[in-house]
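For reference, the chains in residue letters:
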Amino acid sequence: MKGKNFLDKLFISIFFLTLFVPFLLAHRKESRISEMENRTLANPPHFFNQEGNFNWSYSCDFDSWINDNVRFRTILMEMNSTLQYQLFGKIANDNLREGLDGHLFYIEGRKVAGHQHTNLLSEEELQRYLSAMQRLSTRLSEQNITFYYMQCYDKDSIYPEYYVEGVRQFGDMSRANQIVEGLRKNTDVNVIPTYEALMEHKDQKMLYFKATDPAHWNDSGAHIGYTELMNFIQKDFPELPILDETDYHIEQTEEWANIYGFTYPYSEINCHYSIKNPNATELELDYFDPEKIIKYREHGHYYINEDASNELKILIVGDSFIRQFLKGDIAESFHETLSIDWINLEILDQVLEIYEPDILVLESAEFCLDNTIPLVAEMPTP
């Protein structure tokens, strides 16, 4: 009987230890960042909110905090990620799948639909969008602003041969190319021939990251996109200079993807482009936007180039394909360059009023069309 009581007490003690030890050892620092997951971890919960009222979501906040901040979580995630791949060949990140030859692809629902071509616009939806783009182009032209549309593409649209096995593709027309074809046939919108250029060069060098950043083109692909954009704009503005490969330091490096602490076994050789003698200087957005009209300010970038051979001002409304790769390169050709996120389409008239550009480039990644299509279609009619 005494032995049984001892075991009961032991099990009860172990039970309470498993409940309280993680709580006692959990990290309590605010705004911790997980470099492994590239996100901000949940903050410690509070019984009362900033207004002094009881926090009715305390239980949910506590669960999020303890899950994100339990001690040794990083080590456990690394062990899990390594074992998942070594034992079962599975990528621990549920949003990633392994394709052929070590290529990784994002497989969230809308990404798969884009690859399969099951997300095409209906004829009514397409015509509504094309009409909205034509209205935008006309409005800008009336303000003496030259308008260009730049469609960027997911990796699987340029390299479908490496995609995850077993995923069926329907037809040859993607939603992105459906839109580009419609714009060319039914509007006077200037459309940058990004797709054609990427397809022409895809076999000469790898234009997208193999695994280290499956969502984007690499610097080699970005330079092709930059060249097509600038060549097209130069037709209307012949005075614009364009950077070529001799204007860059180009360094080749061997890189590996890191998945929750696990080093993915397939390496890739990436070229990194850096401008040899940059002239454009980045300034704070507050320099010309003291009222803080522009949204998503951490992704807004403003450049002045006093050495530019012109007084032209360009406005780029786009996403990470521009923001992470091309904004500085473009700034070398213009006196002023403003790059902002496409969420600012909601307040485009206000941005135009304070910035007064000569050129506007609207860029959308293929996986962002779910956002940019409604934003353009719902823009108010003057």
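As shown above, the structure is provided for reference.
Calculation notes
Residues numbered from 1 in each chain as written. Predicted model: local features only at pLDDT ≥ 70, side-chain atom pairs only at ≥ 80, totals over all residues. Heavy atoms only, no water. Axes fitted to C-alpha atoms, helices over the stretch in contact; angles between N-to-C directions. Helix = DSSP H or I, 4+ residues; strand = E, 2+ residues; numbered from the N terminus. Parallel < 35°, antiparallel > 145°, perpendicular 65-115°, else oblique. Left-handed = near helix turned anticlockwise from the far one by under 90°. Contact = heavy atoms within 4.5 Å. Nonpolar A, V, L, I, M, F, W, Y, C, P; charged D, E, K, R; others polar. Buried < 20%, exposed > 50% of the residue type's maximum accessible area, 1.4 Å probe, protein only. Pairing = 2+ DSSP bridges. Phe/Tyr/Trp six-rings, centres within 6.5 Å; stacked < 30°, edge-to-face > 60°. Lys NZ or Arg CZ within 6 Å of the ring centre and 35° of its normal. Lys, Arg positive; Asp, Glu negative; His and termini not counted. Salt bridge = Lys/Arg side-chain N within 4 Å of Asp/Glu carboxyl O. Polar contact = N/O pair within 3.5 Å; in protein donor to acceptor, adjacent residues only side chain to side chain.

Would you take a moment to explain the packing of helix α8 (residues 194–201) against helix α9 (residues 219–236) for this structure?
Any two packed helices are characterised by how steeply their axes cross, that is the angle between the axes, and by the distance between the axes. Two numbers describe how α8 lies on α9: the axes approach to 9 Å, and their chain directions differ by 135 degrees. Considering their axes alone, α8 and α9 lie oblique with respect to each other. Considering the relative orientation of α8 and α9, their crossing is right-handed. Contacts from A197, L198 and H201 in α8 reach G221, I224 and E228 in α9. When grouped by side-chain class, the residues that make up the contact of α8 with α9 number three nonpolar, two polar and one charged.

I tried to follow the pairing of strand β10 (residues 301–304) on my own but got confused; where do I start?
In β10, alternate side chains face the same way, and those of H301 and Y303 on one face and Y302 and I304 on the other are all buried. Sheet analysis places strand β9 (residues 281–283) next to β10, joined by three bridges and oriented antiparallel. Residue T281 lies in a different strand from β10, and its bridge partner there is I304. Where β10 lies against strand β12 (residues 336–341), four bridges are found, and the strand directions are antiparallel. From the neighbouring strand, I304 faces β12, where its bridge partner is E336.

Help me understand the environment of I224, please; the structure alone is not making it clear to me.
Within the element layout of this structure, I224 appears in helix α9. Residue I224 is classed as buried on the basis of its relative accessible area, which comes to 11%. Sequence spacing of I224 and T194 is 30 residues, and the spatial spacing of their C-alpha atoms is 8.1 Å. In this view, I224 contacts A197, L198, H201 and L207; residues no more than four positions away in its chain are not counted.

Quick question: what am I supposed to make of the packing of aromatic side chains here?
The way to describe two aromatic rings as a pair is by their centre distance and the angle between their planes. Counted according to the given criterion, the structure contains 14 aromatic pairs. Centre to centre, the rings of Y159 and Y208 are 6.2 Å apart; their planes meet at 80 degrees, and the pair counts as edge-to-face. Residue Y159 is found in the loop between α6 (155–158) and α7 (175–186), and its partner Y208 is found in the loop between α8 and α9; the two are separated by 49 residues along the sequence. Residue classification places Y159 among the buried residues on the basis of a relative accessible area of 2%. Residue Y208 is classed as buried on the basis of its relative accessible area of 0%. Grouping aromatic residues by their ring pairs yields a cluster made of Y287, F288, Y302 and Y355. Taking NZ or CZ as reference, K155 lies 4.4 Å from the ring centre of F105, over its face. Sitting over the face of the ring of Y355, K313 holds its NZ or CZ atom 4.8 Å from the ring centroid.

It is not clear to me how the side chain of E332 should be interpreted in this structure. Could you clarify?
Along the polypeptide, E332 turns up in the loop between α11 (327–331) and β12. Buried and unpaired, E332 has no salt bridge, with K327 as the nearest side chain of opposite charge at 12 Å. Among the polar contacts made by the side chain of E332, one reaches the main-chain amide nitrogen of A280 at a distance of 2.9 Å. With residues near it in sequence (within four places) discarded, E332 still touches L243, I275, N277, P278, N279, A280 and N305.

Mind showing me how you'd approach the environment of K202 here?
Topologically, K202 is positioned in the loop between α8 and α9. C-alpha of K202 to C-alpha of G221: the two residues are 19 residues apart in sequence and 8.5 Å apart in space. Those residues in contact with K202 that sit more than four places away from it in its chain are I158, Y159, P160, E161 and L207. Among the polar contacts made by the side chain of K202, one reaches the side chain of E161 at a distance of 3.0 Å.

Just to check I follow, could you spell out helix α4 (residues 109–116) for this structure?
Residues of α4 that are buried: K111, A113, G114, H115 and Q116. Looking at the buried side of α4, the elements it contacts are β4 (104–106) and α6. Directly beyond the C-terminal end of α4, a positive phi value near 65 degrees is found at H117.

Can you help me understand the pattern of salt bridges in this one?
Working definition: two side chains of opposite charge can pair if their charged atoms are close together. Within this structure, the stated rule accounts for 13 salt bridges. Across the pair K111 and D154 runs a salt bridge, and its minimum N-O distance is 3.4 Å. Note that K111 is positioned in helix α4 and D154 in the loop between β5 (146–151) and α6, a separation of 43 residues in sequence. Note that D370 is salt-bridged to R175, the shortest N-O span being 2.8 Å. Residue D370 is located in helix α13 (residues 369–377), and its partner R175 is located in helix α7; the two are separated by 195 residues in the primary sequence.

Please explain the pairing of β12 as it appears in this structure.
On a regular strand, one side chain projects to one face of the sheet and the next to the other, so that they alternate. Taken across its six residues, β12 has six buried, putting it largely inside the fold. As paired strands, strand β11 (residues 313–318) and β12 are joined by six bridges and run parallel to one another. Note that in β12 the partner of I316 across the bridge is S339.

What is the right way to read the sheet that holds β10 from this model?
Paired through backbone hydrogen bonds, the strands of a sheet run either parallel or antiparallel to each other. If you walk across this open sheet you meet the seven strands as β6-β5-β13-β11-β12-β10-β9, and the pairing is mixed. In this open sheet, the two strands that pair with only one neighbour each are β6 (190–191) and β9. α9 rests against β5, β6, β11 and β13 (359–364) of the sheet, and its axis sits at about 160 degrees to β5. Seen against the sheet, helix α12 (residues 348–355) touches β10, β11, β12 and β13 and runs at an angle of roughly 160 degrees to β11.

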